[in-house]
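# Chain and residue survey
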Amino acid sequence: MPNLKSVTAVLPVSDHAAAVAWYKQWIGRDPDVEPQEGVAEWQIAENAWIQVSLDPETTGKTNIVIGVEDIDAHVASLASAGVPTGEIQDFDFIKLVDIVDPAGNKVNFVWENPKYEPPAE
């Protein structure tokens with residue numbers, strides 16, 4: 001794919017202030033940039049961003065997936081920040097867990113098992 005250099009996941013919300021407060025709690029810091037009123041952005045990896053954007057018409061209809069190095073440690077860090085998660089789901093080749101923001105958008109965290117070997121055919 002030519003010239004691709006970053007990804008931004010846009011999460012539409014109807015209460016921007018509440019959403020920013022929730023994402024600050026989860027991410028642990030203020031937004032990196034607020035390019036305009038009703039938009040806040042956090043850089044979560046070298047070329048990956050989350051954008052919370054005031055958009056009442058599409059609020060709560062987004063689902064994003066974020067890869068993590070250690071799902072258990074990540075769930076523990078979410079718990080220590082007061083962010084509730086669902087149960088970790090274990091599918092052998094991956095483990096995943098999700099959180100839901102105040103607008104109803106889902107953020108899924110996925111850990112890929114580097115030792116997984118598919119069954120022989």
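Scroll up to find the structure.
So, here's what we can say about the structure. (Residues numbered from 1 in each chain as written. Predicted model: local features only at pLDDT ≥ 70, side-chain atom pairs only at ≥ 80, totals over all residues. Heavy atoms only, no water.)

### A short note on the sheet that holds strand S6 (residues 89–90)
Here is the rule: For two strands to count as paired, DSSP must find a minimum of two bridges between them. Only DSSP runs of H or I covering at least 4 residues are called helices, and only runs of E covering at least 2 are called strands; the numbering of each starts at the N terminus. Here, residues are in contact when the closest pair of their heavy atoms is within 4.5 Å. Angles run from 0 to 180 degrees between N-to-C directions of axes, and those axes are lines fitted to C-alpha atoms, restricted for helices to the stretch in contact.
In spatial order, the strands read S5-S8-S7-S6; together these 4 strands make up an open sheet with mixed pairing. Each edge of the sheet is formed by a strand with only one pairing partner; in this case those strands are strand S5 (63–67) and S6. Pairing of strand S7 (residues 94–100) with strand S8 (residues 106–112) involves 7 bridges; the strand directions are antiparallel. Looking at S8, one finds that leucine 96 is bridged to valine 110. The strands touched by helix H2 (residues 71–80) are S7 and S8; relative to S7, the strand with the most contacts, the crossing angle is about 15°.

### Let's talk about the nonpolar core
Spelled out, the test is: Nonpolar core, defined: a set of buried Ala, Val, Leu, Ile, Met, Phe, Trp, Tyr and Cys residues in which side-chain atoms within 4.5 Å join the residues together. Exposure classes here rest on a 1.4 Å probe applied to the protein chains alone. A residue is buried below 20% of its type maximum, exposed above 50%, and partly exposed in between.
Ranked by internal contacts, the top residues of the largest apolar core, which has 24 residues, are Tyr23, Trp26, Ile99, Val107 and Phe109. Those elements that provide at least two residues to this core are strand S1 (7–13), helix H1 (16–27), strand S3 (39–45), strand S4 (48–54), S5, H2, S7 and S8. Sorting elements by how many residues they give to this core places H1 first, with 5 residues. For phenylalanine 109, the residues in contact, after removing those within four places along its chain, are Trp26, Ile66, Val68, Ile71, His74, Leu78, Lys95, Leu96, Val97 and Ile99.

### Quick notes on the sheet that holds S4
The strands making up a sheet associate through hydrogen bonds between their backbones, and the pairing can be parallel or antiparallel. Spatially, S1-S4-S3-S2 is the arrangement adopted by the 4 strands of the open sheet, whose pairing is mixed. If you trace the sheet from one side to the other, it starts and ends with S1 and strand S2 (33–36), each paired once. Looking at each pair of strands side by side, their axes are set apart by 25° on average, direction ignored. Two elements, S2 and S3, share 2 bridges in a ladder whose sense is antiparallel. Bridge pairing in S3 places valine 33 opposite glutamate 41.

### A word on H2
Condition: The directions from the helix axis to the C-beta atoms are what the arc is built from. Counting of polar contacts relies on pairs of N or O atoms within 3.5 Å, with two restrictions inside protein: one atom must be capable of donating a hydrogen and the other of accepting it, and residues adjacent in sequence are counted only when both atoms are side-chain atoms.
Every buried residue of H2 is listed here: Ile71, His74, Val75 and Leu78. Buried residues of H2, viewed axially, fall in a sector of 100°; they line one side. Considering only its buried residues, H2 is in contact with H1, S7 and S8. N-capping of H2 is provided by aspartate 70, with a side-chain oxygen placed 3.1 Å from the backbone N of aspartate 72. At the C-terminal side of H2, glycine 82 shows a positive phi close to 80°.

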